[in-house]
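# Fold and contact review
What follows is each chain in one-letter form.
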Amino acid sequence: MKYRVERTDGEDEVIIRCREVTPKITRLLDLLEGDGGRLVGVTQSGAKSVIAVGDILYIESVDGRTYVYTEAEVVRVDFGLSQLNEYLDDIRFFRCSKSMILNIDKAKYLKSLASNRIDVTMVNGEHIRISRTYASDFRKRLRGE
């Protein structure tokens, strides 16, 4: 996908030209409209919870179950990591290990570790390790590549 940014003095306008509306284009439209989407899951108490995608810190798969972590709660969802990786926008979320997807917007500090790994401190103070398999892709993403 190629794109072009032009500065104007008038109102901001975005034009999307595409052969077909793909999931990637749909996610881009959702982002432009300010609607990052929502996920529905079950809390530890058994109550249903609706989570705004922008509130997600990270998503983790443990023993075949998928959990979404926000600053306020942990919610189990009925999707696998692969499904969520496709659903979530590529701009904000990054697959940082076999069992975890990270919301880059919620990262506060980054620290390089031995063996080409990265320690990410989230806005809530939790530490997440990006494995060496994914670390180089993460660095490229941060550089805008």
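Residues numbered from 1 in each chain as written. Predicted model: local features only at pLDDT ≥ 70, side-chain atom pairs only at ≥ 80, totals over all residues. Heavy atoms only, no water.

### Quick notes on the overall build of the protein chain
The secondary structure content of the protein chain amounts to 3 helices and 10 strands. Reading the helices (α) and strands (β) of the protein chain from amino to carboxyl end gives α-β-β-β-β-β-α-β-β-β-β-β-α. Referenced to the eigenvectors of the C-alpha coordinate spread, the extents of the protein chain come out at roughly 50 × 40 × 30 Å. By residue count, 31% of the 145 residues in the protein chain fall in the buried class. Relative to all contacts within the protein chain whose residues are 6 or more apart in sequence, the contacts with residues 24 or more apart total 40%. When the accessible surface of the protein chain is totalled, it reaches about 10,100 Å², and 46% of it is carbon and sulfur. Computed over 24 positive and 23 negative side-chain charges, the separation of the two mean positions in the protein chain equals 8 Å. (Helix = DSSP H or I, 4+ residues; strand = E, 2+ residues; numbered from the N terminus. Buried < 20%, exposed > 50% of the residue type's maximum accessible area, 1.4 Å probe, protein only. Contact = heavy atoms within 4.5 Å. Areas by Shrake-Rupley, 256 points an atom, 1.4 Å probe, with all protein chains shown as cover. Lys, Arg positive; Asp, Glu negative; His and termini not counted. Charge placed at Lys NZ, Arg CZ, Asp CG, Glu CD.)

### Points about the confidence of the model for the protein chain
Here the protein chain averages 88 in pLDDT, while 94% of its residues score no lower than 70. Put simply, helix H1 (residues 23-32) is where the protein chain has its lowest mean pLDDT, 74, and strand E9 (residues 118-122) is where it has its highest, 96. (pLDDT = per-residue confidence, 0-100.)

### Describing the packing of aromatic side chains
Scanning the model with the defined rule gives 2 aromatic pairs in all. Note on Tyr58 and Tyr69: the rings are 4.4 Å apart at their centroids and 15° apart in plane angle, and the pair reads as stacked. Of this pair, Tyr58 sits in strand E3 (residues 56-62) while Tyr69 sits in strand E4 (residues 65-70), and the two are 11 residues apart along the sequence. Residues Tyr58 and Tyr69 agree in their burial class; the two are buried. (Phe/Tyr/Trp six-rings, centres within 6.5 Å; stacked < 30°, edge-to-face > 60°.)

### Focus: the layout of surface pockets
What the largest pocket holds in volume is close to 1,500 Å³. In terms of residue class, the lining of the largest pocket is made up of 12 nonpolar, 3 polar and 16 charged. (1 Å grid on protein atoms, 1.4 Å probe; cavity = no way out; pocket = protein on both sides within 12 Å on 5 of 7 lines; lining within 4 Å. Points joined across faces, edges and corners; volume = space filled by probe spheres on them. Nonpolar A, V, L, I, M, F, W, Y, C, P; charged D, E, K, R; others polar.)

### A few points about the pattern of salt bridges
Tallied over the entire structure, the rule returns 4 salt bridges. Across the pair Glu6 and Arg4 runs a salt bridge, and its minimum N-O distance is 2.9 Å. A single burial state applies to Glu6 and to Arg4, both of which are exposed. Put simply, Arg129 and Asp119 hold a salt bridge, and the shortest N to O gap is 3.3 Å. Here Arg129 is found in strand E10 (residues 127-130), whereas its partner Asp119 is found in strand E9, with 10 residues between them in sequence. For Arg129, a relative accessible area of 48% gives the class partly exposed. Assessed through its relative accessible area of 8%, Asp119 is described here as buried. (Salt bridge = Lys/Arg side-chain N within 4 Å of Asp/Glu carboxyl O.)

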